[in-house]
Structures are given as structure tokens and as C-alpha cells.
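Chain residues, written in single-letter form:
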Amino acid sequence: VFEYADSAVAADPERYDAYLVRADAQMRTRNVAAAELDFQRAAELLRQGEPSAVEAGALLALAHAQLTLNRIAELRATAVHSRSRAPDSPVTTYIEGLADFGAGRYRDATVKLQQVSSAGVSSDPLLPLLLGLAHLELGDLGQAENHLLDALERRAGDVNTVRALA
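Residues numbered from 1 in each chain as written. Predicted model: local features only at pLDDT ≥ 70, side-chain atom pairs only at ≥ 80, totals over all residues. Heavy atoms only, no water.

Enquirer: Looking at this model, I keep getting lost on the overall build of the protein. Mind explaining?
Expert: Along the protein, the regular secondary structure elements total 10 helices and zero strands. Scaling as 2.2 N^0.38, a compact globule of 166 residues should have a C-alpha radius of gyration of about 15 Å, and the protein matches this with 16 Å. If you line up the protein on its principal axes, its C-alpha atoms span 55 × 35 × 25 Å. Across the 166 residues in the protein, those meeting the buried criterion constitute 43%. (Helix = DSSP H or I, 4+ residues; strand = E, 2+ residues; numbered from the N terminus. Rg over C-alpha atoms; globule rule 2.2 N^0.38 Å. Buried < 20%, exposed > 50% of the residue type's maximum accessible area, 1.4 Å probe, protein only.)

Given below as C-alpha cells:
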């Protein structure tokens, strides 16, 4: 996959989809920093057109990479950019929730993440894990347990989810 994606980027460096394919491959191999760069480039290329679901997906993937790398200032900038491109999008609310979570603003994060969860617009298995961890930080143990058990069901065998429940 890397060879194909590298060739596609080299052949036409203005194709956002080539960067997305390469970024996805990088994420699968846990090369998050390289994936972040490709997600950023794809988002830059997509910014040139009208807001789209593809752009929202690229921004969400970028936000995930930034949260993983603990690049909270960059994550906040991604949230601001998403708000400017798609102010009413649940993806924007989700990205803002990720930024709040990363910054330790757990109360704000739970409001936004719960809004996305309740709307049923995201099947992201990370969402219940983050909700559970945020509730845990706030001392809402019942809510934390419910969300963490949901995360465990969605991500059976995932080490991070199991650690959060321990």
C-alpha cells in the first residue's frame, strides 16, 4: 500500500486522496507523525474547494492523530478550522470535543462528545472510550462505567480500553 500511495503522491501531488490513502496506511502501522503530515496536506488540498464529507473525514483523522501525539495546540487549530468550514457539522463538534479532552477540559468534552454520541452520527469506537475517561476524570463513576463497557464491547481486546477499565 505504501508503494502505491507514494507513487500516487509523486505522480500528482495535488491529489488529496493519495495523501489520505498513505495516511491511513501510516496509521495502521502506528506511524502517527507521518500520518499527521499526510492528513494535514489532504486537508489543505480539500480546503481549496467547497466543504465536503471527505474534508470532514480528513479533519477528523487529523484530529485523532494530533490527540494521539498530544499536539493539543494543533488540535485546537484543527477544531477552529473545522468550525470555519462546517459550523453546523457534528464532525466539528466531535473535533472540538477531542480538543477539549486533550486540553483536560473534561466537562466541556463530555458535553460535546455526548452530543455527537446521542445524535448517532459517529460509529467511531474511540468515542465511548473518551466519554468514559472524561466521566472518570469528573468522578461520574456510573457514567464512566457505562461508556467504558460500551467501548469494551466495540473494541473487544483493545489494550487501551482494557487498561481504562482496570
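There's plenty left to go through after this.
Enquirer: Help me understand the side chain of Thr78 in this model?
Expert: Structurally, the position occupied by Thr78 is in helix H5 (residues 72–85). Judged by relative accessible area, Thr78 falls into the buried class, the value being 6%. Reaching out from Thr78, the side chain makes a polar contact with the side chain of Gln66 at a distance of 2.8 Å. (Polar contact = N/O pair within 3.5 Å; in protein donor to acceptor, adjacent residues only side chain to side chain.)

Enquirer: Just checking my understanding: could you explain helix H1 (residues 2–11) for this structure?
Expert: Along an α-helix, residues three or four apart share an orientation, since each turn contains 3.6 residues. Residues of H1 that are buried: Ala5, Ala8 and Val9. Within H1, the buried residues cover an arc of 95° as seen down the axis, which keeps them to one side. Turned more than 90 degrees away from the buried face of H1, the exposed residues are Glu3, Ala10 and Ala11. Packed against the buried residues of H1 are helix H2 (16–28). (Arc of directions from axis to C-beta. Contact = heavy atoms within 4.5 Å.)

Enquirer: Teacher, can you tell me more about the packing of H5 against helix H6 (residues 90–102) here?
Expert: Helix-helix packing is described using two parameters, namely the angle between the two axes and the distance between the axes. Following both chains from N to C, one finds H5 and H6 inclined at 160°, their axes separated by 9 Å at the closest point. Here H5 lies roughly antiparallel to H6, going by the angle between them. Along this stretch, H5 crosses H6, giving a crossing that reads as left-handed. Here Ile72, Leu75, Arg76, Thr78, Ala79, Ser82 and Arg83 of H5 come into contact with H6, specifically with Thr92, Thr93, Ile95, Glu96, Leu98, Ala99, Asp100 and Gly102. (Axes fitted to C-alpha atoms, helices over the stretch in contact; angles between N-to-C directions. Parallel < 35°, antiparallel > 145°, perpendicular 65-115°, else oblique. Left-handed = near helix turned anticlockwise from the far one by under 90°.)

Enquirer: Is there a simple way to explain the environment of Ala151 in this structure?
Expert: Structurally, Ala151 is set in helix H9 (residues 141–154). What makes Ala151 buried here is its relative accessible area of 0%. Each C-alpha atom of the pair Ala151 and Leu131 lies 9.2 Å from the other, and the pair is 20 residues apart in sequence.

Enquirer: Got a minute to help me understand the packing of H6 against helix H8 (residues 126–138) in this structure?
Expert: Look at H6 against H8: their axes get within 11 Å of each other, and the N-to-C directions meet at 40°. When the interaxial angle is binned, H6 and H8 end up oblique. Helix-helix and strand crossings are classified by hand; for H6 and H8 the assignment is left-handed. Where H6 abuts H8, its residues Tyr94, Leu98 and Phe101 lie against Leu126, Leu127, Leu130, Leu133 and Ala134.

Enquirer: Help me understand unusual backbone geometry, please; the structure alone is not making it clear to me.
Expert: Across residues other than glycine, the phi torsion is negative in most instances, and most of the peptide bonds are trans. Positive phi values are uncommon outside glycine, yet Arg30 reaches one of about 65°. Here Arg30 is to be found in the loop between H2 and helix H3 (32–47). On the basis of relative accessibility, which here comes to 71%, the residue Arg30 falls in the exposed class. Not every positive phi belongs to a glycine, and Asn70 is a case in point at roughly 60°. With respect to the secondary-structure elements, Asn70 resides in the loop between helix H4 (53–68) and H5. Overall, the relative accessible area of 56% leaves Asn70 in the exposed class.

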